Amino acid sequence: MRLSKYFMPTMKDNPSDAQIASHRLMIRAGMIRQSASGIYSWLPTGFKVLRKLENIVHEEQVRAGHIPMLMPTLQSADLWRESGRYDDYGKEMLRISDRHGRDMLYGPTNEELITDIFRDNVQSYKDLPMTLYHIQWKFRDEVRPRFGVMRGREFFMKDGYNFDVDKDSALHAYNRHMVSYLRTYERMGMKALPMRADSGPIGGEDTHEFLVLADTGESEVFYDKAILDLHLGDRAVDYDSWDQCAEIAREWTTPYARTDETHDPELFAQIPSERQGQSRGIEVGQIFYFGTKYSDAMNAKVVNDQGREVPVHMGSHGIGVSRMLGAIIEASHDENGIIWPEAVTPFGVGIVNLKQGDDDTDAACEALYKSATLLGLDPLYDDRKERAGAKFSTMELIGLPWRITVGPRGLKNGVVELTCRKTGESEELTAELALEKLAKIYQGL
Ligand SMILES: Nc1ncnc2c1ncn2[C@@H]1O[C@H](COP(=O)(O)OP(=O)(O)O)[C@@H](O)[C@H]1O
Ligand SMILES: [Mg+2]
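Each value, and the rule that gives it
- Residues numbered from 1 in each chain as written.
- Chains lettered and ligands numbered in written order.
- Predicted model: local features only at pLDDT ≥ 70, side-chain atom pairs only at ≥ 80, totals over all residues.
- Helix = DSSP H or I, 4+ residues; strand = E, 2+ residues; numbered from the N terminus.
- Rg over C-alpha atoms; globule rule 2.2 N^0.38 Å.
- Buried ≥ 20, exposed ≤ 12 C-beta atoms within 10 Å, placed from the backbone.
- Near = placed C-beta within 6 Å.
- Nonpolar A, V, L, I, M, F, W, Y, C, P; charged D, E, K, R; others polar.
- Pairing = 2+ DSSP bridges.
- Axes fitted to C-alpha atoms, helices over the stretch in contact; angles between N-to-C directions.
- Domains from an automatic or database assignment.
- Contact = placed C-beta atoms within 7 Å.
- Core = buried A, V, L, I, M, F, W, Y, C linked by C-beta atoms within 7 Å.
- Expected span 1.5 Å × (residues − 1).
- Arc of directions from axis to C-beta.
- Parallel < 35°, antiparallel > 145°, perpendicular 65-115°, else oblique.

Considerations on the overall build of the chain
Working step 1: Tallying secondary structure elements over the chain gives 14 helices and 23 strands in all.
Working step 2: Over its C-alpha trace the chain gives a radius of gyration of 24 Å, about what one expects of a compact globule, namely 22 Å for 445 residues.
Working step 3: By its C-alpha atoms, the chain is 80 × 60 × 40 Å across when sized along the principal axes.
Working step 4: A total of 445 residues make up the chain; the buried ones form 43% of that total.

Written out as structure tokens, the structure is:
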């Protein structure tokens, strides 16, 4: 992409209504614009990152054996009356009536709808286990939408639902989700810690939230610092193995890690004091096992291997995809702007032309731009007639992990400058070597 032909309305000054860094930076980098309170348009750069996150979520869901589908944003109120949540959900639910006076709602979540689809189409244990998921816009009429996409009213969420013949099988689904979520966040370049949490309006027995540690997080969290050393890395996971998923889940749930809702000061005090961690966290996902809560209420049954009808065991699992953008920026920025992890950056490398209009420099940039594109590095070429300083500020603000600077002085010696956004370190090398280095870094992400 050439910046002169792109739409990325950046801003020098901080917007006055944005209280936290991720909100300020997303506005300033031209990623989002508010259209109504808690509702945003995703401008091209924001949309690009959102899509990358969505793709990672899809890939990891499918890897775990979960099946993608798509349910609508608008739902009929009838199903919610069946589960009893039409009244329970309160004012957070946006209620609408259509021209025939039928009660509708904009889905805040989909347990009812998926249970309805399941009960109409699945009757036998032989079709289980089954996990269906979708990534779709949700609406919750939050009292105080704030912090940009972090607590919006309309937000993009992956929500998945497992159906199992009994509790043991459903608990495997719970563990399998925990493992696949750990892998998902790691692939995004993030550390999100599973913490024992409270189940809230979804109801149920078992639940963990995944939290990214950040000062601006809305939850207070308490944890054994040992959990920070755990990495899934590239270990091979067999998602059908009950033992392996349970073992990994045990590894991550053994160190103490809880949100303020379930915090137990006595247990916490037993951790050696140098390992006691207390900070704030951003909830980027949550998994639930809730047994037969919805299948009982909505009569979703299957025939088991003894020929008996039993209510299906369920759980639900969510990742806040749009919130994740904010969480990544909260965890990765400095005073000059965003610092994207390579896995989710909107562009792989920025190319800065220090002397736009100079024949040799322009030609070198064009050649570099072509080669980088061919290598799949998805470059953003700043080909505007701007001062070098302004180009550097833009690159720092939008936070591409790598920048190649091309100027007449370097070209005389046959080199360009490669700069790492995170460390600020630069090196001079030939354009070929710079691209080779970047291709290696991006390979396999
Ligand atoms: N108002 C919101 N804005 C952005 N993301 C949200 C919002 N509410 C929930 N999410 C994201 O969706 C995920 C799943 O939602 P859920 O656990 O049902 O929400 P909650 O914990 O608010 O009841 C959350 O972990 C969070 O990342
Ligand atoms: Mg939650």
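Section: the site of ligand 1
Working step 1: Around ligand 1 sit 16 residues in total, of which Phe155, Gln286, Gly318, Gly320 and Arg323 are the nearest.
Working step 2: Broken down by secondary-structure element, the contributors of at least two residues to the shell around ligand 1 are strand S8 (154-164), strand S13 (276-291), strand S16 (313-320) and helix H10 (321-331).
Working step 3: In terms of residue count, the dominant contributor to the shell around ligand 1 is S13 (four residues).
Working step 4: Of the residues assigned to the shell around ligand 1, the class counts are three nonpolar, eight polar and five charged.

Some remarks on the sheet that holds strand S5 (residues 94-97)
Working step 1: Strand order in the open sheet formed by three strands is S4-S6-S5, with antiparallel pairing between adjacent strands. Of all strands in the sheet, those with a lone pairing partner are strand S4 (74-76) and S5, marking the two edges. Between one strand axis and the next, the sheet turns through 35 degrees on average, direction left out of account.

A closer look at the domain arrangement of the chain
Working step 1: Taken domain by domain, the chain comprises domain 1 (3-337) and domain 2 (347-442).
Working step 2: Between domain 1 and domain 2, the C-alpha centre-to-centre distance is 37 Å.
Working step 3: In this assembly, eight residues from domain 1 lie in contact with 10 residues from domain 2.
Working step 4: Residues that form the side of domain 1 that touches domain 2 fall into these classes: two nonpolar, five polar and one charged.

So, the nonpolar core
Working step 1: Counting 103 residues, the largest nonpolar core has Leu53, Val349, Ile351, Leu368 and Val406 as the members making the most contacts within it.
Working step 2: Leu53 has contacts with Met188, Val321, Met324, Leu325 and Val344, leaving out every residue within four places of it along the chain.

Observations regarding the pairing of strand S2 (residues 39-42)
Working step 1: Pairing analysis gives four bridges linking strand S1 (residues 32-36) to S2, with the strands arranged antiparallel. Opposite Arg33, over in S2, you have Ser41 as the bridge partner.
Working step 2: Adjacent in sequence and paired antiparallel, S1 and S2 are bridged by two residues, among which Gly38 carries a positive phi angle near 70 degrees.

As for the environment of Gly307
Working step 1: Looking at where Gly307 falls in the secondary structure, it is placed in the loop between strand S14 (301-303) and strand S15 (309-311).
Working step 2: Between the C-alpha atom of Gly307 and that of Tyr125, which follows or precedes it by 182 residues, the distance is 9.5 Å.

With respect to unusual backbone geometry
Working step 1: Between Leu128 and Pro129 the backbone carries a cis peptide bond, its omega angle lying at 0 degrees.
Working step 2: Tracing the backbone shows Pro129 in the loop between helix H5 (111-121) and strand S7 (130-139).
Working step 3: A positive phi angle is found at Asn299, which is not glycine, with a value near 60 degrees.
Working step 4: Residue placement: Asn299 occurs in the loop between helix H9 (293-298) and S14.
Working step 5: The phi angle at Asp378 is positive, at roughly 45 degrees, despite the residue not being glycine.
Working step 6: Considering the arrangement of structural elements, one finds Asp378 in the loop between helix H11 (359-374) and strand S20 (379-382).

Things to note about the sheet that holds strand S22 (residues 416-420)
Working step 1: Taken together, five strands build an open sheet; the order of strands is S20-S19-S21-S22-S23 and the sheet is mixed. If you trace the sheet from one side to the other, it starts and ends with S20 and strand S23 (426-429), each paired once. This sheet shows a mean twist of 20 degrees between the axes of neighbouring strands, independent of strand direction.
Working step 2: One ladder, built from four bridges, connects strand S19 (residues 349-353) with S20; its direction is parallel.

Concerning helix H2 (residues 44-63)
Working step 1: Between the first and last C-alpha of H2 there are 28 Å, a value that for 20 residues agrees with the 28 Å anticipated at 1.5 Å per step.
Working step 2: Along H2, the residues classified as buried are Thr45, Gly46, Val49, Leu50, Leu53, Ile56, Val57, Glu60 and Gln61. What you see down the axis of H2 is that its buried residues fit within an arc of 150 degrees, all on one side.
Working step 3: Once H2 ends, the next one or two residues include Gly65, with phi positive near 95 degrees.

As for the packing of helix H1 (residues 21-28) against H10
Working step 1: One way to put it is that H1 packs onto H10 with a least axis distance of 8 Å and a crossing angle of 105 degrees. In terms of orientation, H1 lies roughly perpendicular with respect to H10. When H1 is examined against H10, the residues Ala21, Ser22, His23, Leu25 and Met26 are found in contact with a partner set consisting of Gly326, Ile329 and Glu330.

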